[in-house]
Structure formats: structure tokens, C-alpha cells
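# Survey of secondary and tertiary structure
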Amino acid sequence: MFGYITVNQPELRFKDFDMYRSFYCGLCRVLKDRYKKAGQMTLTYDCTFLTLLLTALYEPETALGETKCTAHPLQRHVTRINRYTEYAADMNVLLAYHQCLDDWKDEKKYSKAVMSGALKKAFLQASGRYPVKAERIRENLASISECERENERDIDRAAGYFGEITAEVFSPEEDAWSRDLRRMGFYLGKFIYLMDAYEDLEKDRETGRYNPFLTWYSGEGWEERCRNILTMMMAECCRAFERLPIVDYTEILRNILYSGVWLKFEVTNEKRRKKETDS
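The structure contained in this document is the topic of the report that follows. All of these numbers come straight from a predicted model, not from anything done at the bench. (Residues numbered from 1 in each chain as written. Predicted model: local features only at pLDDT ≥ 70, side-chain atom pairs only at ≥ 80, totals over all residues. Heavy atoms only, no water.)

### A few points about the overall build of the chain
Condition: Comment: elements are numbered from the N terminus, with helices defined as DSSP H or I runs of at least four residues and strands as E runs of at least two. Here the globule rule reads 2.2 Å times residues to the power 0.38, and the radius of gyration is calculated from C-alpha atoms. Categorising residues by exposure relies on relative accessible area from a 1.4 Å probe, with only protein chains included: less than 20% of the type maximum marks a residue as buried, more than 50% marks it as exposed, and the intermediate range marks it as partly exposed. Values of accessible area rely on a 1.4 Å probe in the Shrake-Rupley scheme; residue burial ignores everything except the protein chains shown. Note on charges: Lys and Arg go in the positive column, Asp and Glu in the negative column, and His and the chain ends are not counted at all. We put the charge of a Lys on NZ, of an Arg on CZ, of an Asp on CG and of a Glu on CD.
If you tally the helices and strands in the chain, you get eleven helices and two strands. Element order for the chain, N to C, with α for helix and β for strand: α-α-β-β-α-α-α-α-α-α-α-α-α. In summary, the chain has a C-alpha radius of gyration of 19 Å against a globular reference of 19 Å for 279 residues, a match within 12%. Taking the principal axes of the C-alpha coordinates as reference, the chain spans close to 55 × 45 × 40 Å. With 279 residues in all, the chain has 51% of them scored as buried. Accessible surface for the chain amounts to roughly 14,000 Å². Of this, 51% is attributable to carbon and sulfur atoms. Across the chain, the 43 positively charged side chains and the 45 negatively charged ones have centroids separated by 5 Å.

In C-alpha cells:
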């Protein structure tokens, strides 16, 4: 369920995209330093957003640097790293490990089994730093698995459990801002879960995998109903975001929240329209 919280690059100014990329490269650098190559391979836009959000809110001391990487060996990239980069790296590893296990369990992807094994040590290290968060993530993932076994049709139930996971991840500490951070994470998590289900509808129907939207599929107005629910999730997420006293990086964060998160929705709809036209 990674990859939904990303920038809409064509709508972002060059200097803002360069700033965003410096946090992305910073997170990549920390993942490699802490967890070697296996950790670096889990890098996500989602946790880049988390780094940027927490940096904008808490304004920690941030180290400016440069790095090279395997993907771009001839070019040095600017990095911005602070304590929330390190926090996001730990959360990234916790989530990626469980994602690999889930993909192996559901789709028997051997590559994911191998990757989960490579991440096991990193997972244990991150869990040791944040045992409460690791346990809450595990508990809510177990509840999602129960929903899948029961073929739960209440879309709020399974999505809510994933929302609880992202709420936990979005709140690094209990303070004046944790309530809004948790609320923001909760609704963003529900959006991610339901967006993933919306994107995979056809595949899940063919394979018989659980999908909370299947009872709606092909019914009258089902796509509009899905859009309305996703819009409500993001409206609540953005409402919580706008209450936070953030001054820096607002253009980037709003680009992601108001536009970037919808990119896959539009791509999915375009593919469906094309398929209908071709048939």
C-alpha cells in the first residue's frame, strides 16, 4: 500500500521539487546508513512526506549534505537529514517488513519472502527503538487479516484499522500537536487503504482476494460512490493538517495532499475508460 502519498511534480515549482528531493535523498541516505542495502530498497515517497511534515511542524536542526547513490552514481544529490528523517526511516522499515510478509502470504511472491528475510534484522532494530508502535502496528494488521478472513463488507472497519496504523506512525510523541497529527494520519491511512482497494478491484475480483468495494463493483454509480468516500477521507485529513502551525514547505505539503494523492486514482480511471472504449 505504498506509493500513494507523492507529489504532483508538473504542478510543483522547480525549487520546491528540489527541496522535496533533498528530503527524499536524505531518507534514502539514512536507510542505507542504518539498515544497509536492504533498508535502502524500502525507500518510499510516503515516508518522505512524513519526514517533510514533521520537519515543517517541529522545525528541528537539519543537516545539509550531499550524497551519491547506486541509481545516480555520477551525480551528487543534496540531502537534508534530521531526527525526524531517522524516525521516518524506522517507520519505513517497520511498514515495509509487514508489507513484504503480506505480499508473500497473499500472492506467494517469492521475491517478497526473500526481502522479508533480508529485512528481519532491520525490523528487529526498529522495533527495539519503538516497541509500542511496533506492537500497535502488528495488532492492527492482525485485525485487518481478521476482516479479510471474515470477508468483512463494512468498508470503515478494515480501513479504520489501517488508519490506526498511520495515526500511530504520524505521531512520534505525545504533545500539543499529536491529536491533529493522529487525526491526519488516521484519515490518510483510510484513504490509502481504500485507494488501494479501488485500484485493485478487477484483479481482486479475478483472483478472489478480499476487497471491501467488491459488493459495489459494476453497480449503478459505484465509481462516484468510491470517489465521494475517498474525498471525504482526504477532506478530514486536510482539515487536521490545516490546523497545524506549519509555515515551511506548505506548498509542497499541499501539493501532495490536495493533488498528488489523487494521481493513481486518475490513472486508474483512465485505464478503465480506455478498456471500456476498446471493448
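### Examining the packing of aromatic side chains
Convention followed: Only the six-membered ring of Trp is used, alongside the rings of Phe and Tyr, when aromatic pairs are assigned; centres must lie within 6.5 Å, and planes under 30 degrees apart are stacked while those over 60 apart are edge-to-face, with the rest tilted.
Tallied over the entire structure, the rule returns 13 aromatic pairs. Residues Phe49 and Phe170 carry aromatic rings whose centres are separated by 6.2 Å and whose planes lie at 40 degrees to one another, so their mutual orientation is tilted. With a gap of 121 residues between them, Phe49 in helix α2 (residues 45–58) and Phe170 in helix α6 (residues 155–170) connect regions that are remote in the sequence. No difference in accessibility class separates Phe49 from Phe170, as the two residues are buried. A centroid spacing of 4.8 Å and a plane angle of 20 degrees characterise the contact between Tyr198 and Phe265, whose relative ring orientation is stacked. Here Tyr198 is found in helix α7 (residues 178–199), whereas its partner Phe265 is found in helix α11 (residues 263–278), with 67 residues between them in sequence.

### So, helix α1 (residues 14–40)
Heads up, the rule is: Expected span, for any helix, means 1.5 Å times one less than how many residues it has. Bend, at a single residue, is the angle you get between axes fitted to the 7 residues ending at that residue and the 7 residues starting at it.
An ideal rise of 1.5 Å per residue puts 39 Å on 27 residues; α1 reaches only 25 Å between its terminal C-alpha atoms. Along its length, α1 shows its largest kink, about 115 degrees, at Arg34.

### Comments concerning the pattern of salt bridges
It is possible for side chains bearing opposite charge to pair when their charged atoms get close. Heads up, the rule is: What counts as a salt bridge is simple: a side-chain nitrogen of Lys or Arg found within 4 Å of a carboxyl oxygen of Asp or Glu.
Across all of its chains, the model carries 25 salt bridges by this definition. For the salt bridge of Arg254 with Glu242, the shortest nitrogen-to-oxygen distance reads 2.8 Å. Of this pair, Arg254 sits in helix α10 (residues 250–258) while Glu242 sits in helix α9 (residues 222–243); the two residues are twelve residues apart in sequence, bridging distant segments of the chain. Ionic pairing is found between Glu270 and Arg273, a salt bridge with its closest N-O pair at 3.1 Å. Highlighted residues: Glu270 and Arg273, both in helix α11, separated by three residues, approximately one helical turn. On the basis of relative accessible area, Arg273 is assigned to the partly exposed category, the value being 44%. What emerges from the salt-bridge pattern is a single network uniting Lys133, Arg136, Glu168, Glu174 and Arg182.

### Describing the side chain of Arg272
Going by this rule: Pairs of N or O atoms are called polar contacts if they sit within 3.5 Å, as long as, within protein, a hydrogen donor faces a hydrogen acceptor (for residues adjacent in sequence, only side-chain-to-side-chain pairs). In this description, contact between two residues means that some pair of their heavy atoms is separated by no more than 4.5 Å.
With respect to the secondary-structure elements, Arg272 resides in helix α11. Among the polar contacts listed, one links the side chain of Arg272 to the side chain of Glu202, at a separation of 2.6 Å. Setting aside its immediate chain neighbours within four residues, Arg272 contacts Tyr198, Glu199, Leu201, Glu202, Trp222 and Glu223.

### Brief notes about the packing of α1 against α2
Between two packed helices, what matters for the description is the angle formed by their axes and the separation of those axes. Rules: The convention used is that axes are lines fitted to C-alpha atoms, helices contributing only their stretch in contact, and that angles between N-to-C directions extend from 0 to 180 degrees. In these notes the angle categories are as follows: under 35 degrees is roughly parallel, over 145 is roughly antiparallel, 65 to 115 is roughly perpendicular, and the rest is oblique. Throughout, a crossing is termed right-handed when the near helix is turned clockwise from the far one, and left-handed when it is turned anticlockwise from it by less than a right angle. Basically, the charged four are Asp, Glu, Lys and Arg, the nonpolar ten are Ala, Val, Leu, Ile, Met, Phe, Trp, Tyr, Cys and Pro, and anything else, Gly included, counts as polar.
As a packed pair, α1 and α2 sit with axes 9 Å apart at the nearest point and diverge in direction by 110 degrees. Here α1 lies roughly perpendicular to α2, going by the angle between them. Relative to α2, α1 is oriented so that their crossing is right-handed. Two secondary-structure elements touch here, α1 through Tyr20, Phe23, Tyr24 and Leu27 and α2 through Tyr45, Cys47, Thr48, Thr51, Leu52 and Thr55. Within the contact of α1 with α2, the residues separate by chemical class into seven nonpolar, three polar and no charged.

### A short note on the nonpolar core
What counts, and what does not: The nonpolar core is taken to be a set of buried Ala, Val, Leu, Ile, Met, Phe, Trp, Tyr and Cys residues, with the residues joined through side-chain atoms within 4.5 Å.
Core analysis: the biggest nonpolar cluster contains 88 residues, and Phe49, Leu53, Met184, Leu194, Phe213 and Met234 have the highest contact counts within it. Examining the composition of this core, we find that twelve residues originate from one element, α7, more than from any other. With sequence-adjacent residues up to four places away left out, Leu194 is seen in contact with Ile155, Ala159, Pro212, Phe213, Ile229, Leu230 and Met233.

### With respect to the environment of Tyr258
Its location among the elements puts Tyr258 in helix α10. On the basis of relative accessibility, which here comes to 44%, the residue Tyr258 falls in the partly exposed class. Between the C-alpha atom of Tyr258 and that of Met234, which follows or precedes it by 24 residues, the distance is 8.0 Å. Each residue touching Tyr258, except ones within four places of it in the same chain, is listed here: Cys238 and Glu242. Within polar-contact distance, the side chain of Tyr258 engages the side chain of Glu242 at 2.8 Å.

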